[in-house]
Amino acid sequence: MEGRFVLEFIENNNLVKITSTDEILFSQGKIQTGFFIYLIIAIEEHFDIIFEDEELKIENFDTVELIESIIKRSGGKNYTRF
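For every chain, the first residue of its written sequence is number 1, and the numbers climb from 1 along that sequence. pLDDT decides what is reported in this predicted model: residues at 70 or higher carry local features, side-chain atom pairs at 80 or more are listed and counted, and totals for whole chains, interfaces and linings draw on all residues regardless. The side-chain values count all of the structure's non-hydrogen atoms but skip hydrogen atoms and water molecules.

Draft legend 1. Summary view of the overall build of the protein. The secondary structure content of the protein amounts to 3 helices and 0 strands. In this text, helices come from DSSP runs of H or I with a minimum length of four residues, and strands from runs of E with a minimum of two, each type numbered from the N-terminal end. When the elements of the protein are put in sequence order from the N terminus, they spell out α-α-α. Sorting the 82 residues of the protein into buried and exposed places 39% on the buried side. Note on contacts: a residue pair is in contact if any heavy atoms of the two residues lie within 4.5 Å. Within the protein, contacts between residues at least 6 apart in sequence are counted, and of these 53% link residues at least 24 apart. Type-normalised accessible area, obtained with a 1.4 Å probe on protein chains alone, sets the label of each residue: buried when under 20%, exposed when over 50%, and partly exposed for intermediate values.

Draft legend 2. Structural context of helix H3 (residues 64-74). Looking only at H3, the buried set comprises Val64, Ile67, Glu68, Ile70 and Ile71. Buried residues of H3 fall within an arc of 170° about the axis and therefore sit on the same side. When the buried face of H3 is taken as reference, the exposed residues oriented beyond 90 degrees from it are Lys72 and Arg73. Those residues of H3 that are buried lie in contact with helix H1 (5-14) and helix H2 (35-47). At the C-terminal side of H3, Gly75 shows a positive phi close to 75°. Arc definition: it is the arc formed by the directions from the helix axis to the C-beta atoms.

Draft legend 3. Expanded view of the packing of H1 against H2. Only the stretch in contact is used when fitting a helix axis, every axis being a line fitted to C-alpha atoms; angles between N-to-C directions are given from 0 to 180 degrees. Remark: H1 packs on H2, axes separated minimally by 11 Å, with the N-to-C direction vectors making an angle of 145°. Every pair of crossing elements has a handedness; the one defined by H1 and H2 is right-handed. Residues Phe5, Val6, Phe9, Ile10, Asn13 and Asn14 of H1 lie in contact with H2, whose contacting residues are Phe35, Tyr38, Leu39, Ala42, Ile43, His46 and Phe47. Broken down by class, the residue content of the contact of H1 with H2 amounts to 10 nonpolar, 3 polar and no charged. Note: crossing handedness is left-handed where the near helix turns anticlockwise from the far helix by less than a right angle, and right-handed where it turns clockwise. Classification used: nonpolar for Ala, Val, Leu, Ile, Met, Phe, Trp, Tyr, Cys and Pro, charged for Asp, Glu, Lys and Arg, polar for all others including Gly.

Draft legend 4. Region of interest: H2. Taking 1.5 Å per residue, 13 residues should reach 18 Å; H2 reaches 18 Å between its end C-alpha atoms and fits that length. Among all positions in H2, only Phe35, Phe36, Leu39, Ile40, Ala42, Ile43, Glu44 and Phe47 are buried. Of the surrounding secondary structure, the elements contacted by the buried residues of H2 are H1 and H3. Just past H2, the residue Asp48 takes up positive phi, approximately 55°. By this rule the span expected of a helix is its residue count minus one, scaled by 1.5 Å.

Draft legend 5. Geometry of the nonpolar core. Side-chain atoms within 4.5 Å link the members of a nonpolar core, which is a set of buried Ala, Val, Leu, Ile, Met, Phe, Trp, Tyr and Cys residues. The biggest cluster of nonpolar side chains holds 23 residues, and the ones touching the most others in it are Ile10, Phe26, Leu39, Ile43, Phe61 and Ile67. Counting only elements with at least two residues in this core, the list comes to H1, H2 and H3. Ranked by residue count, the leading element in this core is H2, at 7 residues. When sequence neighbours within four positions are dropped, the list of residues in contact with Phe61 reads Leu25, Phe26, Phe36, Ile40, Phe51, Glu55, Leu56, Ile67 and Ile70.

The structure is reproduced here in structure tokens:
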């Protein structure tokens, strides 16, 4: 399913299991902050969007739900509900 891209990308590239879409990822250390830029690039390429500089705060991407929300607001072309 297309909408599972973010969840699967995070799990496959961090070798972690995300148990819920509201699970805290970066600020509680489940995912290292160094992965943030890699995640941003993957999302922008996959969904054909470019985030504004002011959107690129790690707290805006700290859960799958937050990521889903920012993709939706940005008008991602391949967006479907996670």
